[in-house]
Amino acid sequence: MVPQTELEALANLDLDRIVSDTCDLIRAGGENPGETEERSVRRLREIAERYGAEVTLQEVAPGRENLRATMGPAGAPSILFLGHSDVVPAGEGWTGAPFDPRVDDGRVVGRGATDMKGGLAAVLASMAAVSRVEPGIRLELLCTVDEEDRATGVHAALAALDMPEAIACIVAEPTDLDVVVACRGASNLIVDIVGASAHAGRPEEGASAIAAASRLIELIGARHADARAADPDPLLGSASWNVGTITGGSGTSMVPRQCTVTIDRRTMPGEDPAAILDELLDAVRADLATSAIAGADRIEIAGEVDMVMPGFRTSPDAAVATIAATALQQFGAPGRPTGWTAACEGGFIAERLGVPTIILGPGDVTTQAHQPDEFVPVAHLEIAAQTYVLTALRLLQHTEVR
């Protein structure tokens, strides 16, 4: 039998309002890079305050503010929801205007529908629904800026040193209504190569930075192949390497003096991007020393870690994971414990606060996000909001029993 409190909280959810809020947040845009999140945050604040939340803003940069919406007594252990207000650029290939949302065939279509305006709308509705029946529960939403690019928002939030004492963290990113208990991290590495220029008619008198970069790229390819060949993690698969950009040279008739390579390295929980970069730089220097590249001894290699988003791993037996899975299954969703090969900011929260962290949200990151005609199923919005409600209520009971 479903407890009366749960029934009352679920009855407080208004699916039409969740869909409407999702559409309003899509209209607010927030492409990153290219715009700020100002309009998205303003609309999110209006929605949160309409539900009765206390809202505070933290300026990260002009027009870019983190938002925290809270309900319940200050100082009490909280359930923390995490999201972001930016979206990736719309790009080409849409069958309609990307920021003019439409509801079609049971889906909300528009840039950010699934990543992650729908998740934000579902979280705020669920927080209000729980707070109406259990006002003593502390519920918080932290919505950061710049998640899709350099994660400056979450760094600013963590630097503020006023993060809550949390029971658990639920990241409302799209998981196809599964419970993600393990997530890979992401790091951007930049390698700068400096050689010596010369006339292209006598290339042996120079030291080609692009030739050295080609050796670096070969080493990266070998490392990616080795990672793929190793025994995969049952939830996360393997680490990965990808060369994203290569820029260098000054003209066709010149030996290139300079070249820069940017690298995406997807990390496993616990891996250190700085150590990964150091090993790579040592390897390419050693490779160049034994290569036949002209002027190899004159080539300098340096690098930096440009961005880090840590991964995390939560026990599938953690209360937040089992409670959320049971709630999802109650509403007909799979609710499987699984891993995520994408990356999100949940790793920062798990690392900083040391709390059990899961990812759970409406829509699917693989088939629906970051592509033309992005959409979120309306049914997912409803199940996600219902699941957040039951998870919050049951987590509170679990904590009190303990």
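Criteria and cut-off values
Residues numbered from 1 in each chain as written. Predicted model: local features only at pLDDT ≥ 70, side-chain atom pairs only at ≥ 80, totals over all residues. Heavy atoms only, no water. Pairing = 2+ DSSP bridges. Helix = DSSP H or I, 4+ residues; strand = E, 2+ residues; numbered from the N terminus. Axes fitted to C-alpha atoms, helices over the stretch in contact; angles between N-to-C directions. Contact = heavy atoms within 4.5 Å. Salt bridge = Lys/Arg side-chain N within 4 Å of Asp/Glu carboxyl O. Buried < 20%, exposed > 50% of the residue type's maximum accessible area, 1.4 Å probe, protein only. Core = buried A, V, L, I, M, F, W, Y, C linked by side-chain atoms within 4.5 Å. Parallel < 35°, antiparallel > 145°, perpendicular 65-115°, else oblique. Left-handed = near helix turned anticlockwise from the far one by under 90°. Nonpolar A, V, L, I, M, F, W, Y, C, P; charged D, E, K, R; others polar.

*Asks:* What is the right way to read the sheet that holds strand E12 (residues 300-309) from this model?
*Replies:* Backbone hydrogen bonds are what pair the strands of a sheet, in a parallel or an antiparallel way. Overall, antiparallel pairing links the four strands, which are arranged E10-E11-E9-E12 in an open sheet. For this open sheet the edge positions go to strand E10 (240-248) and E12, each flanked by a neighbour on one side alone. Sheet twist, expressed as the average angle between the axes of neighbouring strands with direction ignored, equals 20°. Note: strand E9 (residues 185-194) against E12, nine bridges, orientation antiparallel. Paired with Asn188 across the bridge in E12 is Met307.

*Asks:* Just checking my understanding: could you explain the sheet that holds strand E5 (residues 107-109) for this structure?
*Replies:* Ordered in space as E4-E5-E16, the three strands form an open sheet in which the pairing is antiparallel. Sheet topology places strand E4 (102-104) and strand E16 (375-377) at the edges, where each strand pairs with a single neighbour. Neighbouring strand axes in the sheet, compared pairwise and without regard to direction, differ in orientation by 25° on average. Bridge count between E4 and E5: three bridges; the pairing is antiparallel. Residue pairing across strands places Arg102 opposite Val109, the latter belonging to E5. Strands in contact with helix H2 (residues 15-27) are E4 and E5; relative to E5, the strand with the most contacts, it is inclined by about 15°.

*Asks:* I tried to follow the pattern of salt bridges on my own but got confused; where do I start?
*Replies:* Two side chains that carry opposite charge are able to pair once their charged atoms sit near each other. Applying the stated criterion across every chain yields a total of 23 salt bridges. A salt bridge links Arg50 to Asp21; its shortest N-O distance comes to 2.8 Å. In this pair, Arg50 is assigned in helix H3 (residues 38-50) and Asp21 in helix H2, connecting sequence segments 29 residues apart. Overall, the relative accessible area of 36% leaves Arg50 in the partly exposed class.

*Asks:* Hey, could you run me through the nonpolar core in this one?
*Replies:* As a rule of thumb, soluble globular proteins bury nonpolar side chains together. In this structure, Phe81, Leu124, Ile358, Tyr388 and Val389 are the most contacted members of the largest nonpolar core, which totals 66 residues. At 13 residues, the largest contribution of residues to this core is made by helix H4 (residues 113-133). With residues near it in sequence (within four places) discarded, Val389 still touches Ala9, Leu10, Leu13, Ser126, Ala129 and Val130. In this structure, Ile193, Ala196, Ala283 and Ile301 belong to the second largest nonpolar core, which totals 26 residues.

*Asks:* Is there a simple way to think about unusual backbone geometry in this case?
*Replies:* For residues other than glycine, phi is negative in most cases, and the peptide bonds are mostly trans. For the bond running from Asn32 to Pro33, omega is 0°, close enough to zero to count as cis. Tracing the sequence through the fold places Pro33 in the loop between H2 and H3. Between Asp115 and Met116 the backbone carries a cis peptide bond, its omega angle lying at -5°. When you line up the elements, Met116 lands in helix H4. Positive phi, normally seen in glycine, also occurs at Asp146, with a value near 65°. Topologically, Asp146 is positioned in the loop between strand E6 (138-144) and helix H5 (152-159).

*Asks:* Even after reading the chapter, I still don't get the environment of Gly29, so can you show me in this structure?
*Replies:* Within the secondary structure layout, Gly29 lies in the loop between H2 and H3. Separated by 81 residues in the primary sequence, Gly29 and Gly110 have C-alpha atoms spaced 9.7 Å apart. For Gly29, the residues in contact, after removing those within four places along its chain, are Glu35, Arg39, Ser40, Ser85, Val87, Phe99 and Lys117.

*Asks:* What is the right way to look at the packing of H3 against H4 in this model?
*Replies:* The axes of two packed helices give the description: the angle between them and the distance between them. Remark: H3 packs on H4, axes separated minimally by 10 Å, with the N-to-C direction vectors making an angle of 20°. Comparing their axes, H4 and H3 come out roughly parallel. Between H3 and H4 the crossing geometry is right-handed. Side by side, H3 and H4 meet where Ser40, Leu44, Ile47 and Ala48 of the first sit next to Lys117, Leu120 and Leu124 of the second. Split by residue class, the contact of H3 with H4 holds five nonpolar, one polar and one charged.

Without other data, these values stay purely geometric and don't point to any function.
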